[in-house]
Amino acid sequence: VVERVAEERRILAHGGWGAMGILGKGSGIACFTLTTLLLLNYTHQRLPGLSPGRGAALALYAVPFTLALTIPASLFVGVLWGLTRAGTVEPGVPPHAPSVRLLPLAVGAAAVALLAFGLTAEVVPRANARLLGVLTGRTATPDDRTMTLGALRAKARQLDAVRATRRDPRIQASLANLRVEIHKKFALPAACVLLTLLAAGLARRAPQASAVTIAMASAAVFGGYYLLLMGGETRADRSSVPPALAMWSANIVALGLAAMTLRATPRGTEAAQRPARPRW
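No experiment lies behind these values; they were computed from the predicted model shown.

Calculation criteria
- Residues numbered from 1 in each chain as written.
- Predicted model: local features only at pLDDT ≥ 70, side-chain atom pairs only at ≥ 80, totals over all residues.
- Heavy atoms only, no water.
- Helix = DSSP H or I, 4+ residues; strand = E, 2+ residues; numbered from the N terminus.
- Buried < 20%, exposed > 50% of the residue type's maximum accessible area, 1.4 Å probe, protein only.
- Contact = heavy atoms within 4.5 Å.
- Salt bridge = Lys/Arg side-chain N within 4 Å of Asp/Glu carboxyl O.
- pLDDT = per-residue confidence, 0-100.
- Phe/Tyr/Trp six-rings, centres within 6.5 Å; stacked < 30°, edge-to-face > 60°.

### Structural notes on the environment of Thr148
Its place among the elements puts Thr148 in the loop between helix 5 (102–136) and helix 6 (149–165). Judged by relative accessible area, which is 16%, Thr148 ranks as buried. Along the sequence, Thr148 and Ala121 sit 27 residues apart, while their C-alpha atoms lie 5.6 Å from each other. Residue contacts for Thr148: discarding those within four places in its chain leaves Ala121, Glu122, Pro125 and Arg126.

So this is what it looks like as structure tokens:
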């Protein structure tokens, strides 16, 4: 009875909204670390030849598009690390799946996704335009990377009207680029929710994963996700695949993996679910 009461208290303490603070702290640390590393790599390649003022501007305007990539990744790391660290709290207790409920995780990830959507739809294009101005020394010509979501949609409607009256491969290519950027501005924020659910499923399957295992899983997930995303973007720009499929294929794979891991039986619960055999 004492052991059962202790377990219920642990579930109440770690399984609800109170755990969001711990997971949020881990995600924040992961976001700061990943963003800093990517910024250092980006600025190191482009700082030579720039004045100190332009170098500072380069680092500042590179922050938004870097955050657009690191926010979903940091949620995955924070949730996976936090849930696996909460897997067992007392020595001698068998491994069990973390009991944090999915509703607080999904709501928290959805809130972050809304902020990420505002970042990708409005802030990133404006920062990209300033960034190109710093790199080239002149005002950047508006293109698909420097146009906000509203401007992209307006330009796409305009090209659709032109394509209806004139067949031009260049118009088709420009339209594909615009649609790729439109879908990307929705796909990256949606990845916040999907990667959070995937992290919860992986923590359910491996409740006592080590730091090395978490690092390897994170690298595999990030690499696979962004390879699918960038590879789909390249193929969509060449009109090989539809823009919607190209930009959402990585999220479809993440959703499938999350569903598989969340529906699987948690490791360490098989014995608990098996009926006890009487001793004679």
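### Some words on the pattern of salt bridges
Under the criterion given, the structure shown has seven salt bridges. Between Arg163 and Asp160 there is a salt bridge, with the nearest N and O atoms lying 3.2 Å from each other. Residue Arg163 and its partner Asp160 are both found in helix 6; the two are separated by three residues, about one turn of the helix. The class for Arg163 is partly exposed, based on a relative accessible area of 22%. Asp160 sits in the partly exposed class, given a relative accessible area of 28%. With its nearest N and O atoms 3.1 Å apart, the salt bridge here joins Lys184 to Glu233. With a gap of 49 residues between them, Lys184 in helix 7 (residues 169–205) and Glu233 in helix 8 (residues 211–237) connect regions that are remote in the sequence. Both residues of the pair, Lys184 and Glu233, belong to the buried class.

### A short note on the confidence of the model for the chain
When the pLDDT values of the chain are averaged, the result is 81; 81% of them are 70 or greater. Here residues 268–280 is a poorly scored stretch, pLDDT under 50, and it has three contacts once near neighbours within four places are set aside; other chains count.

### Examining the packing of aromatic side chains
For any two aromatic rings, the description comes down to two numbers: the centre-to-centre distance and the angle of the planes. Inspection of every chain in the model, using the stated rule, returns four aromatic pairs. On the numbers, 5.4 Å between centres and 75 degrees between planes, the contact of Tyr42 with Phe65 is edge-to-face. Of the two residues, Tyr42 is situated in helix 2 (residues 19–46) and Phe65 in helix 4 (residues 63–85); the sequence distance between them amounts to 23 residues. For Phe65, a relative accessible area of 23% translates into the label partly exposed.

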